[in-house]
Amino acid sequence: MRTKTEATIEDLYAVEGQAELVNGKIVPLPSHTWPVAIAIGEILYSLHEFVDRGKRGYALGSTVAYVIDLPHRKAFCPDVALYTGDIMSMKFLEGAPILAVEVRDPDDYGQAAEVRISAKRVDYFAAGTLVVWDVDLLSDDVVRVYRMENPDEPTIYRRGQVAEAEPAVPGWTMPVDSLFPQAIEKG
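Note that the structure is a prediction, hence the values are computed from the model and not measured.

A. Seen up close, the nonpolar core. Grouped together as the largest cluster of nonpolar side chains are 31 residues, with contacts concentrated most on Ile-43, Leu-99, Trp-133, Val-135, Val-143, Trp-172 and Leu-179. Contributing elements (two or more residues each) for this core: helix H2 (34-52), strand E6 (80-83), strand E8 (99-103), strand E9 (131-135) and strand E10 (143-147). Dropping the residues within four chain positions of it, Trp-172 is found in contact with Ile-43, Ser-46, Leu-47, Phe-50, Leu-99, Trp-133, Ala-163, Glu-164 and Ala-165. Ala-81, Ala-96, Phe-125 and Tyr-146 belong to the second largest nonpolar core, which has 15 residues in total.

Okay, structure coming up:
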């Protein structure tokens with residue numbers, strides 16, 4: 001008789017591409033569509049510039065895994081994150097980022113997706129993340145900023161506004177309009 005074993009962090013190292021470890025299983029994450037990739041790049045660039053000006057932490061993209069120790073989740077792989085822990089080895093990072101950004105892909109819509117996204121946000125906060133951005137390029141409510149101290153009442157930012165990530169990243173702001181690709185002019 002064969003016994004079922006749970007996947008481990010060591011198994012996660014062997015996965016090509018982005019993946020998380022949830023409920024003992026490796027959960028591969030999808031490739032991004034180009035509008036999502038543009039938004040991720042803009043957020044990462046803005047956050048990196050802010051950190052580069054002498055602020056604390058590391059602005060990191062979606063190819064980085066964060067090892068955490070929750071009963072049902074052992075790793076996150078956010079689209080963008082600010083991490084303030086030590087980076088001392090070539091291994092996955094230990095502990096949750098203080099800011100996690102999740103940009104919705106085409107499969108992040110519908111009731112099942114909302115349940116999954118909400119559960120992941122709860123996990124982020126349980127692991128120690130201070131702020132989670134839920135970025136939805138198809139909604140009027142483009143950036144929903146959830147905070148650990150009040151996780152059920154997001155601050156909402158729309159086009160024409162400037163979003164923030166207080167208290168995780170004091171002083172950092174980003175225009176919501178910069179998350180959208182510029183129109184390509186035909187000549």
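Still to come is the rest of the account.
B. Representation of the pairing of strand E1 (residues 19-22) within the structure. Of the two faces of E1, the one lined by Ala-19 and Leu-21 and the one lined by Glu-20 and Val-22 are each fully buried. Summarising the sheet, E1 and strand E2 (residues 25-28) pair through 4 bridges and their orientation is antiparallel. Across the sheet, Leu-21 pairs through a bridge with Ile-26, a residue of E2. Here E1 hands over to E2 after 2 residues, with Asn-23 in that stretch at a positive phi of 55°.

C. View of the packing of aromatic side chains. For the coordinates displayed, the defined rule picks out 4 aromatic pairs. Plain terms: the ring middles of Tyr-66 and Tyr-83 are 5.7 Å apart, the flat faces sit at 50° to each other, and that makes the pair tilted. Residue Tyr-66 is located in strand E4 (residues 66-67), and its partner Tyr-83 is located in strand E6; the two are separated by 17 residues in the primary sequence. Accessibility expressed as a relative area gives 0% for Tyr-66, which makes it buried. Arranged with centres 5.2 Å apart and planes meeting at 25°, the rings of Trp-133 and Trp-172 form a pair that is stacked. One end of the pair, Trp-133, is in strand E9; the other, Trp-172, is in the loop between strand E12 (162-164) and strand E13 (173-175), and 39 residues separate them in sequence. Taken as a pair, Trp-133 and Trp-172 share a single burial class, namely buried. One Lys or Arg, Arg-104, reaches over the ring of Tyr-109 and ends 5.8 Å from the middle of that ring. Just above the ring of Tyr-146 sits the side chain of Arg-121; from NZ or CZ to the centre is 3.7 Å.

Conventions adopted
Residues numbered from 1 in each chain as written. Predicted model: local features only at pLDDT ≥ 70, side-chain atom pairs only at ≥ 80, totals over all residues. Heavy atoms only, no water. Core = buried A, V, L, I, M, F, W, Y, C linked by side-chain atoms within 4.5 Å. Buried < 20%, exposed > 50% of the residue type's maximum accessible area, 1.4 Å probe, protein only. Helix = DSSP H or I, 4+ residues; strand = E, 2+ residues; numbered from the N terminus. Contact = heavy atoms within 4.5 Å. Pairing = 2+ DSSP bridges. Phe/Tyr/Trp six-rings, centres within 6.5 Å; stacked < 30°, edge-to-face > 60°. Lys NZ or Arg CZ within 6 Å of the ring centre and 35° of its normal.

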